[in-house]
Amino acid sequence: MTDYGEEQRNELEALESIYPDSFTVLSENPPSFTITVTSEAGENDETVQTTLKFTYSEKYPDEAPLYEIFSQENLEDNDVSDILKLLALQAEENLGMVMIFTLVTAVQEKLNEIVDQIKTRREEEKKQKEKEAEEAEKQLFHGTPVTIENFLSWKAKFDAELLEIKKKRMKEEEQAGKNKLSGKQLFETDHNLDTSDIQFLEDAGNNVEVDESLFQEMDDLELEDDEDDPDYNPADPESDLTD
């Protein structure tokens, strides 16, 4: 007859020796305890962790122990679900044998796989970001491929903008023409223009200089008097040309 109590006590002693820093007894009747399992550190020292709670059934190891995820760190919901499925599979395969060490080892390996998956996922995300950045850079240099549709759309927009510029310019020129005063309007609006020339001469005063040398040689000029010409006929302009 199998002594289940003895087998359970012996396993508890072994587990406490194997996991001195992570083994904690919760109760003695029924025997219940936790073991904390931590993955190996990843590339950036990231880890995942779970604390497994086990409770012996009356006929353990011929019956599977009760188990649950007591706590966890950095695990996704799907990771927790996968660990529970793994525990169920391992417990079924090891019925009849003490199995806690086997169950914990399987979970340890699963946690290491999860860390590797995190590393792989980060590398894929990095590659994806680099690819997106490269595509964005190519798009920046190559621009949008020209098609008939987008060219016509661009041309319609360009023509509309050009038309608006022309209308604005014509309006400004028309407004400038309306604001321009004629000479008459200038005199009517600014009466100072009536005496501007006189004021200029008065302001010049004695500063107006005359070059007398221009007149010194006028006495030397031989000017003919038309009246001394016996053939001169004031009524006949051609008479002066007969000489």
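Residues numbered from 1 in each chain as written. Predicted model: local features only at pLDDT ≥ 70, side-chain atom pairs only at ≥ 80, totals over all residues. Heavy atoms only, no water.

Peer 1: Could you give an account of the overall build of the protein chain, naming the residues involved and the relevant values?
Peer 2: The secondary structure content of the protein chain amounts to seven helices and four strands. The helix and strand sequence of the protein chain, counted from the amino end, reads α-β-β-β-β-α-α-α-α-α-α. In the protein chain, of all internal contacts separated by at least 6 residues, the share reaching a separation of at least 24 is 50%. In the form shown here, the protein chain has an accessible surface area of approximately 19,400 Å², with 50% of it arising from carbon and sulfur atoms. (Helix = DSSP H or I, 4+ residues; strand = E, 2+ residues; numbered from the N terminus. Contact = heavy atoms within 4.5 Å. Areas by Shrake-Rupley, 256 points an atom, 1.4 Å probe, with all protein chains shown as cover.)

Peer 1: How would you summarise the environment of P65 if you had to cite specific residues and measurements?
Peer 2: Checked against the element boundaries, P65 lands in the loop between β3 (49-55) and β4 (66-73). For P65, a relative accessible area of 2% translates into the label buried. The spacing of P65 and K53 is twelve residues in sequence and 9.9 Å in space, taken between C-alpha atoms. With near-sequence residues (within four places) excluded, P65 lies in contact with T55, Y60, M99, I100 and L103. (Buried < 20%, exposed > 50% of the residue type's maximum accessible area, 1.4 Å probe, protein only.)

Peer 1: Any chance you could break down the packing of aromatic side chains for me, citing the residues and the numbers?
Peer 2: Taken as a whole, this structure holds seven aromatic pairs when the rule is applied. Note on W154 and F158: the rings are 5.3 Å apart at their centroids and 15° apart in plane angle, and the pair reads as stacked. Of this pair, W154 and F158 both sit in helix α4 (residues 148-179), four residues apart, roughly one helical turn. Classification of W154 by relative accessible area gives partly exposed; the value is 49%. What links up through ring pairs into an aromatic cluster is the set F23, F33, F54, Y56 and Y60. (Phe/Tyr/Trp six-rings, centres within 6.5 Å; stacked < 30°, edge-to-face > 60°.)

Peer 1: Give a detailed account of helix α1 (residues 4-18), specifying residues and quantitative values.
Peer 2: With 15 residues, α1 should reach 21 Å at 1.5 Å per residue; the first-to-last C-alpha distance of 21 Å fits that figure. Among the residues of α1, Q8, E11 and L15 are the ones counted as buried. Buried residues in α1, looked at end-on, bunch into an arc of 65°, giving them a common side. Turned more than 90 degrees from where α1 packs its buried face, E13 and S17 sit exposed. Near the N-terminus of α1, the side chain that reaches the backbone nitrogen of G5, with its oxygen 3.4 Å away, is that of D3. (Expected span 1.5 Å × (residues − 1). Arc of directions from axis to C-beta. Polar contact = N/O pair within 3.5 Å; in protein donor to acceptor, adjacent residues only side chain to side chain.)

Peer 1: Break down the nonpolar core for me, citing the residues and quoting the values.
Peer 2: L15, F33, I35, I100, V104 and L111 are the most contacted members of the largest nonpolar core, which totals 25 residues. Residue assignment for this core shows that the elements contributing at least two residues are β2 (31-38), β3, α2 (77-93) and α3 (100-142). In terms of residue count, α3 provides more of this core than any other element does, eight residues in total. If near-sequence neighbours (up to four positions away) are discounted, V104 is found in contact with Y19, I35, V37, L52 and F54. (Core = buried A, V, L, I, M, F, W, Y, C linked by side-chain atoms within 4.5 Å.)

Peer 1: I'd love a proper account of the sheet that holds β4, names of residues and values included.
Peer 2: By way of backbone hydrogen bonds, the strands of a sheet pair with one another, either parallel or antiparallel. With antiparallel pairing, four strands are arranged side by side in an open sheet as β1-β2-β3-β4. The open sheet has two free edges, formed respectively by β1 (23-28) and β4, since each of these has just one partner strand. Going from strand to strand, the sheet's axes swing by 20° on average, the running direction of each strand aside. With seven bridges connecting them, β2 and β3 associate as antiparallel partners. By the bridge assignment for β3, T36 is matched with T51. Packed on one face of the sheet, α1 meets β1 and β2 and runs near 30° to β2. Along the sheet, α2 contacts β3 and β4; its crossing angle with β4, the most-contacted strand, is approximately 150°. (Pairing = 2+ DSSP bridges. Axes fitted to C-alpha atoms, helices over the stretch in contact; angles between N-to-C directions.)

Peer 1: Can you tell me about the layout of surface pockets, naming the residues and giving the values?
Peer 2: Looking at the largest pocket, its volume works out to about 200 Å³. Lining the largest pocket are R9, L12, E13, E16, F23, V25, S27, E28, P31, S32 and F33. Mapped by element, the contributors of at least two residues to the lining of the largest pocket are α1, β1 and β2. Class assignment of the residues belonging to the lining of the largest pocket gives a composition of five nonpolar, two polar and four charged. (1 Å grid on protein atoms, 1.4 Å probe; cavity = no way out; pocket = protein on both sides within 12 Å on 5 of 7 lines; lining within 4 Å. Points joined across faces, edges and corners; volume = space filled by probe spheres on them. Nonpolar A, V, L, I, M, F, W, Y, C, P; charged D, E, K, R; others polar.)

Peer 1: Kindly report on the side chain of E11, identifying the contributing residues and their values.
Peer 2: By the secondary structure assignment, E11 is in helix α1. Within the buried core, E11 has no salt-bridge partner, and the shortest N-O distance to an opposite charge, that of R9, equals 12 Å. In this structure E11 touches Y56, Y60, V98, M99, I100 and F101, once residues within four positions along its chain are discounted. (Lys, Arg positive; Asp, Glu negative; His and termini not counted. Salt bridge = Lys/Arg side-chain N within 4 Å of Asp/Glu carboxyl O.)

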